[in-house]
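Listed below, chain by chain, are the residues.
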Amino acid sequence: MSSLFKSRLATLGGVLALLLLHFGLAHAIGPPTNPLAVKLDIVRANAALAPAVAATRRESSSFPVYNFTQPLDHFSSTGFTFQQRYWVSDRHYKPGGPVIVFEAGEGPGDERMPILDTGIVDILANATNGLGIVLEHRYYGKSVPVQNFTTDSLRWLNNEQAAADSANFIDNVTIPGISGDITAPGTPWIYYGGSYGGARAAHMRVLYPDLVFGAISSSGVTHATLKDWRYYDIIRKYAPQACISRVEKAIAEVDAHITSPHAETRRAIKAVFGLQDLTYDPDFAALLSSPLGAWQGKNWDPAINSPGFARFCDALGTPDNARIHTAQGITVSNATFTLAKYINQTYSDSCRPPQTQDDCFGTLPVKEIYLATDLSQTWRLWQFQVCTQWAFFTTPPPDPSTPSLISKLVTLDYSSLICKLAYPPGEHFQVPAEPNITAVNALGGYHIAHDRLAIIDGEDDPWRGDTPHSPAIHWHHRPDTISQPFKLIPGGVHHYDENGLANHSAEPPAIRRIHEEEVEWVRAWLKEFKPPSGVMQVRSEL
């Protein structure tokens, strides 16, 4: 990346800082992918904005961090190893208690400390005399096994290697200060994760049932899909309807203009939004729906709740039938006009010289931004997993008669373009033409199930379309038992049960209830645990 381009990127980063503070999504994996959304992530990462935004998060205690040696490749010897970080809380531990391990998933493990301190790990450990652990995922945080993030170097970042890491850890870890053998199967391990980590938790119970005694999958995206149109459709159905009706009306009207055969009409509608110089029309279309991702940041805990979506809806006002004749010479609904005013104020007006609009919001015209591969380009990690195994590409509903919150120009071809832009073929590996979602879904997908595997989802979670509570299936008929809990949190958004308060009695009733139920399940599961005598005898001899 040229020094001039870095300079321009850093300048743009100051603009994106304001946007991230506005929406509060700095450390969340956001909506299904498209190249414009990825570009905004890249700018944020290169501007090193995380500390400023992270300061709004709830403070938590510190815990000791240790390293566990993992092979680079569990299935073929390379001669290389790396250090996988993990954090330990023994505040509730008594010998013989279980291990409650939290899957840190697609982000640095040190950002998960609140969950170890007052969240679900602490809640379960307190109820069971358990040992709490946060385990960092390979390639994320400081558990990095490579010297750069080129296509070749990322080839060991996949579901199979990550699952083998966890299994190896559970089977062999020795924790400083903890006497005795706490490895499985001699000790019951309960695996918890949320979102991608929730899918990982469910997969660990299915793949390694002799090591993972029980698992809780919260908002686990166990069903991989190419066209992830349900993400925005769930927002459409569960967000405030006055706001949604404005967005639907505006997007339909914009689509009618941006697909016009007349170039002057297409340029005019882009100019209403202050984006007349953005070359590639799908980039313009994708930017219009960017504010919707803030819905995912809603949380019951005010300390981590994002107000971004509420601010967005407030700016759109109440529905009406007014028509506005614009300075650009076209007449649009007030819904389109107010959305344009919001996009102008929040995005377009922030892009100033020497940046061009393509510098700020373009994808194809400014490809260079996607090709940096140094270790600071952490955005490349989850996107690589998306492009190789998970997909989750942004698309509108397949039925044109279904109202949409995103433009018809945000197609599968456009959204998956990031895979070609960011990951050119390497000497040893190339990204497949299409992500291998079949391998993911072979583990159960929507119907993943196992004894002592709990499924918890949020009713209003935009990712619910990729979970076992998806509207795509008849999940209402699935039993809910102590052995296989199946819970939908009313009004819940993304992994709503994950965090907690130091004073649990101060939590909302629905959150207290799900936490109490999780304690009930895990205690019941632990009553079934019987240490394998053969394993214990062998270990005692060692």
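For the structure itself, look to the data block above.
Residues numbered from 1 in each chain as written. Predicted model: local features only at pLDDT ≥ 70, side-chain atom pairs only at ≥ 80, totals over all residues. Heavy atoms only, no water.

(A) Looking closely at the state of the cysteines. As enumerated under the stated definition, the model contains 3 disulfides in all. Here Cys243 is linked by a disulfide to Cys313, with a sulfur-sulfur distance of 2.2 Å. Here the disulfide of Cys243 and Cys313 is left-handed, its torsion about the S-S bond being about -80°. Here Cys243, found in helix α9 (residues 241-258), pairs with Cys313, found in helix α12 (residues 308-316); they are 70 residues apart in sequence, far enough to count as distant. Overall, the relative accessible area of 12% leaves Cys313 in the buried class. Two residues, Cys351 and Cys360, share a disulfide whose sulfurs are 1.9 Å apart. Around the S-S axis, the bridge from Cys351 to Cys360 shows a dihedral of about 90° and counts as right-handed. By relative accessible area, Cys351 is classed as buried at 13%. Should the bonded cysteines of the protein be numbered as they appear in the sequence, the pairing reads 1-2, 3-4, 5-6. (Disulfide = S-S within 2.5 Å. Helix = DSSP H or I, 4+ residues; strand = E, 2+ residues; numbered from the N terminus. Buried < 20%, exposed > 50% of the residue type's maximum accessible area, 1.4 Å probe, protein only.)

(B) Quick peek at the packing of α9 against helix α13 (residues 334-346). At their nearest, the axes of α9 and α13 sit 8 Å apart, and the two run at 95° to each other. Taken together, the axis directions place α9 and α13 in an arrangement best described as roughly perpendicular. Contact residues: α9 offers Arg246, Lys249, Ala250, Glu253 and Val254, while α13 offers Asn334, Ala335, Thr336, Thr338 and Leu339. The residue inventory of the contact of α9 with α13, partitioned by class, reads 4 nonpolar, 3 polar and 3 charged. (Axes fitted to C-alpha atoms, helices over the stretch in contact; angles between N-to-C directions. Parallel < 35°, antiparallel > 145°, perpendicular 65-115°, else oblique. Contact = heavy atoms within 4.5 Å. Nonpolar A, V, L, I, M, F, W, Y, C, P; charged D, E, K, R; others polar.)

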